[in-house]
Structures are given as structure tokens and as C-alpha cells.
Amino acid sequence: MIGIIDYGMGNLYSVSKALERMNYNYVISSSPEELSKAKGLILPGVGSFKDAIEILNETGLAYFIKETVAAGTPLLGICLGMQLLFEESEENGISEGLGLLQGKIVKIPGVTSSGETYKVPHMGWNELENRNPSPLLEDVDGGHVYFVHSYYATTTDQDIVLASSIYNVEVPAVVGKGNVFGTQFHPEKSSELGLTILRNYAAIVEERVS
Amino acid sequence: MITKRIIPCLDVKEGRVVKGVQFVELRDAGDPVELAKFYDAEGADELVFLDISASHEGRKTMVEVVERVAAELAIPFTVGGGINSLEDMKRILRAGADKVSLNTAAVLNPSLIKEGADFFGSQCIVVAIDAKYDETLGSWRVYTHGGRKETNWEVVAWAKEAIKQGAGEILLTSMDKDGRKDGYNLKLTSAVSTAVSVPVIASGGAGNALHFAQAFAEGKADAALAASIFHYKETSVKEVKQYLKEEGVNVR
């Protein structure tokens, strides 16, 4: 069973429906007690980093996530949920993230080095370029996925960048280290390719426990 | 780099897709879910559902349609038509739509855009603009109430205001071009797209694959929407994308 963390800022419906279509059991909950029964977690998220981390801290979910991940349970962050895995974000002033991955969340500049402007948010289908092998990217080699975001992750730990997409800057699109994973795009909205990634995550969850 | 998006638009009335959809291979060409899946399989990048129900019951039915579509569709979709309040937005987005599109209600009450964007994030809020050229004024004006009412807003000015309020995307329909199938309004599209910082969807006038290429090249659009040419199978999403690829346009 996969636990979808409900902290009031998620696109829970589409994530859960995608799991349902693949016949995976899930529970949507805001209660650490309920969620601790799950073999793996998904942290969705739409909205601002600052609001999200405040809620996670206040509800004790941040502590729960860190403890559970330290104990080896797999975690997949989606979109804002992926950004929350990093150390800090500059969205609406600096705020601290969960610190599970090394790096910072910064604004997509919207202007090239030669001064040309381009549109932010990064919205639409962009191509994945595989960077590092991972079980999350089993049977995935390139292809298009659906992004909607204005901030992106920067990291000096290139080993955690499993795939990236170019939007003037190089946007880490799939990240991962140990049992912590994240996708900047929405796999649940990325047609077959996105569902493959969710299926791979579900397989990781099953494997770790058995 | 990011691809240009092709977006079929479906009119839904009392829970059924209307306006002559001619798909013999579908069991039920009036079922929004079947059509959504069909367009997904054809390579549509996104879908727009426009609720043209006149009744309260029809609007309630739309929420059920959204739930059913969301349960089966793995690409983003927007719902527009008759969304007048934050409550309306909540109902549609919680039912599983990725974005809502505001038109008349946004012009009458621009703070509605802000309310929606504050609650759900700008990425959820599309502002749809119906534009028509005014010869005497020499500019495009914004129309509301399904194109029946002219407002005092000049189109670019309104687009900028809508974005200031929190709109994350602009769906721009040329009333002069709509239904004529002789191409998008490239001047209008380019005027808006180059003036704003968010993606612009061109709408109105698509008749063939070339028109899509023009919307992207000259119109500077980020996405292009069409209805009847897809529904009547005058062309398909697949054909349009094939053509665009050959022309060097970056598509999925």
C-alpha cells in the first residue's frame, strides 16, 4: 500500500486515480499513524513552498516523513513535493525544506544570458534526458512529460539528478538518492510515460519491503 | 525544449459532448470520457471542456463529468463555462480538473482571478478572452457573455491586468476568425503573446495543419486550440503533429 500524504496542498485526486488504474492500493491521509502503515509514501504538492513546509512542520508531518525515510521507507515527491525534499527554497523569502536532498530551489530566471526573455511558468510538455540510471527510470529513455512550475532545483550533487529537461536552464526533472525520489513534472498527467514512472515507483515500494 | 501544445476543445451540454462529433470508431461519440481517451491516444497534449449547459442541473452534471474524465485521463485538462465564483472553481478542481478557465466572470470581477490564484496557484487559473477588432477604435476589444457584449477593455491591456491578478495562462479566441477555418488571427495572437509573460493559447480559425504552424511561428503562440476540424475529422491531432514535425516545430 502507498500512502499519499494529504496536507491540504496536493493534486491528490489525479495521483490516487492513476494508482487506482494500475491496481495499486493506496491511502490518502494526513495522519502519521495511518500513513505509517504504508510501505511507501507519495508527497504531492501544488502551491507555494513556504506555505507547504509550514503546514508540514505544524502538523508534525515533516518530522514523520524524515523519521520514516530514515527507517528506509521509499518516498516520492511530485512537483512542489519534490522541491520540498531539498534543503531550502527562495520562494517568498528563504525557507528551509526537508533537507533529504542536497540543493536549493530557485526561480527560473525567465531571461537568457544574452538578455532575451522567455515565459515563466515552465508549462507544458518537455523532453526528458536521462542522466543517471535508477530503478525509477526502468524502461524510460527520453520522452515527453508534463511540467508546470516557476521554481527549480539547483544542486552540486550531480549524482542525484536522474533525468533533466532543458528550459533555457537545466531543470532537474527526476531526482533520487537511496529511497528518496522526486519528479518536478506530474507523472500522473504525463500520459503513458508518466504512468510507467509511477509503476516503477510502486515496484520499488514492493521490493524494499519483501 | 518545451513543445508546442495541440488542444482539442469539447463543448459539453448537460453532461454530453455536443456539436457534431463524427467518430465512427467510438461506441458513443457523445460521451466526454470516450472522446477524451480518444484524443489522448491520438497525441493531444491537453483538453479543454467548455460547459455550455444552460441549467443548474447541467452544471451539477458537469462535476460528475469532470470526475469521470479525471479518473480515466492521464493528460491535463481545463474546464470552462459558467464558472462564476471561488466555490465553482473549488467544485471543478476538486473533482479532478487541472485548470479552470474564467471569462465573463473575470471581466466583471477581476479579483475573482486573484481569489482563485491565491487558493489554487496561478497554474490552475486560465483567463479566456474573446477578442474582436473594432474598426473605429483601431484595436481589439474584449467581449463577454459568449461574445454578445462589448466591454471597454482593449485586449492586451486586459490580458496584462488578468495576469497581474494571477492568471497563469491566456486562452485567446478571435471572434473575427472563429468558425471561418482560414487560419488563426496571427496579428492578435502575436500582439498578446509578445506582451505577456505567461503562455498564450491561440483559438479561432484553425482549418488545416498549416494554420497551426502559423500560430506558432508568426502568432508566437505557446499552444493552439481547435474544435470542429478535429471533431469532423477534417484533420487529426496526429496529422497536425506529423506536419509540424516536418516543418521543424517542436511537438511531442
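What comes next concerns the included structure.

This part is about the overall build of chain B. On a plain count of helices and strands, chain B comes out with ten helices and eleven strands. By the compact-globule yardstick of 18 Å for 252 residues, chain B fits well, its C-alpha radius of gyration being 17 Å. Each principal axis of the C-alpha distribution contributes one length, and for chain B these read about 50 × 45 × 35 Å. Per-residue burial for chain B yields a buried fraction of 61% across its 252 residues. The long-range share in chain B, meaning contacts at least 24 apart out of those at least 6 apart in sequence, stands at 64%. Element-wise, carbon and sulfur atoms account for 49% of the exposed surface of chain B, whose accessible area totals about 10,100 Å².

Let's shift gears to unusual backbone geometry. Along the chain, A:V120 connects to A:P121 via a cis peptide bond; the corresponding omega equals 10°. Mapped onto the secondary structure, A:P121 falls in the loop between β7 (104-107) and β8 (122-127). Positioned with a positive phi, A:N23 is a non-glycine residue whose angle comes to about 65°. Here A:N23 shows up in the loop between α1 (12-21) and β2 (26-29). Overall, the relative accessible area of 69% leaves A:N23 in the exposed class. Of note in this structure, B:E14 is not a glycine but carries a positive phi near 50°. Here B:E14 shows up in the loop between β1 (5-13) and β2 (16-18). Since its relative accessible area comes to 36%, B:E14 is described here as partly exposed.

Okay, the side chain of B:S203 next. All names here are of chain B. Relative to the helices and strands, S203 is located in strand β10 (residues 200-203). Here S203 falls in the buried class, since its relative accessible area comes to 7%. A distance of 3.0 Å separates a polar atom in the side chain of S203 from a polar atom in the side chain of T173.

Moving on: the pairing of strand β1 (residues 2-5) of chain A. Residue and element names in this part refer to chain A. Along β1, one buried face is formed by I2 and I4 and the opposite face, lined by G3 and I5, is buried too. Summarising the sheet, β1 and strand β3 (residues 40-43) pair through three bridges and their orientation is parallel. Counted as the bridge partner of I4 is I42 from β3.

For the rest of this paragraph, the subject is the nonpolar core. One finds B:F49, B:F77, B:I170 and B:F212 to be the most contacted residues of the largest nonpolar core, which totals 82 residues. When neighbours within four sequence positions are excluded, B:F212 is seen to be in contact with B:I6, B:Y184, B:A206, B:A224, B:A226, B:I229, B:F230, B:V240 and B:L244. If you look at the next biggest cluster of nonpolar residues, it comprises 41 residues, including A:V120, A:V174, A:A202 and A:V205.

Taken together, the contact pairs 24 residues of chain A with 35 residues of chain B. It is A:K119, A:M123 and A:W125 that lose the most area in chain A upon contact with chain B, and together they represent 32% of the buried surface on that side. Applying the counting criterion to the chain A and chain B interface returns two salt bridges. A salt bridge links A:K189 to B:D98; the nearest nitrogen and oxygen atoms lie 3.0 Å apart. The interface formed by chain A and chain B contains twelve residue pairs in polar contact (both at pLDDT 80 or more). Secondary structure elements with two or more residues in the side of chain A that touches chain B: α1, β8, β10 (144-149), β12 (161-167) and α6 (191-209) of chain A. For the side of chain A that touches chain B, the leading source of residues is β8(A), giving six residues. By residue class, the composition of the side of chain A that touches chain B is eleven nonpolar, seven polar and six charged.

The subject of this paragraph is the pairing of β3(A). Working note: regular strand, side chains alternate between the two faces of the sheet. Residues and elements named next belong to chain A. Where burial is concerned, the two faces of β3 agree: the one with G40 and I42 and the one with L41 and L43 are both buried. Two elements, β3 and strand β4 (residues 75-78), share three bridges in a ladder whose sense is parallel. When the bridges of β4 are listed, L41 appears paired with L75.

A word on the sheet that holds strand β11 (residues 151-154) of chain A. All names here are of chain A. Taken in spatial order, the four strands of this open sheet run β6-β5-β7-β11, and their pairing is mixed. Two strands in the sheet have a free side with no partner beyond their single neighbour: β6 (95-96) and β11. Note: strand β5 (residues 88-89) against β7, two bridges, orientation parallel. If you follow S89 over to β7, its bridge partner there is I105.

Residue and element names in this part refer to chain A. Structurally, L100 is set in the loop between β6 and β7. Residue class for L100 comes out partly exposed when judged on its relative accessible area of 22%. Residues L100 and F86, 14 residues apart in the sequence, show an inter-C-alpha distance of 5.9 Å. Other than its neighbours up to four places away in sequence, L100 contacts I65, K66, V69, L75, L85 and V180.

Calculation notes
Residues numbered from 1 in each chain as written. Chains lettered and ligands numbered in written order. Predicted model: local features only at pLDDT ≥ 70, side-chain atom pairs only at ≥ 80, totals over all residues. Heavy atoms only, no water. Helix = DSSP H or I, 4+ residues; strand = E, 2+ residues; numbered from the N terminus. Rg over C-alpha atoms; globule rule 2.2 N^0.38 Å. Buried < 20%, exposed > 50% of the residue type's maximum accessible area, 1.4 Å probe, protein only. Contact = heavy atoms within 4.5 Å. Areas by Shrake-Rupley, 256 points an atom, 1.4 Å probe, with all protein chains shown as cover. Polar contact = N/O pair within 3.5 Å; in protein donor to acceptor, adjacent residues only side chain to side chain. Pairing = 2+ DSSP bridges. Core = buried A, V, L, I, M, F, W, Y, C linked by side-chain atoms within 4.5 Å. Buried area = accessible area lost by both parts, 1.4 Å probe. Salt bridge = Lys/Arg side-chain N within 4 Å of Asp/Glu carboxyl O. Nonpolar A, V, L, I, M, F, W, Y, C, P; charged D, E, K, R; others polar.

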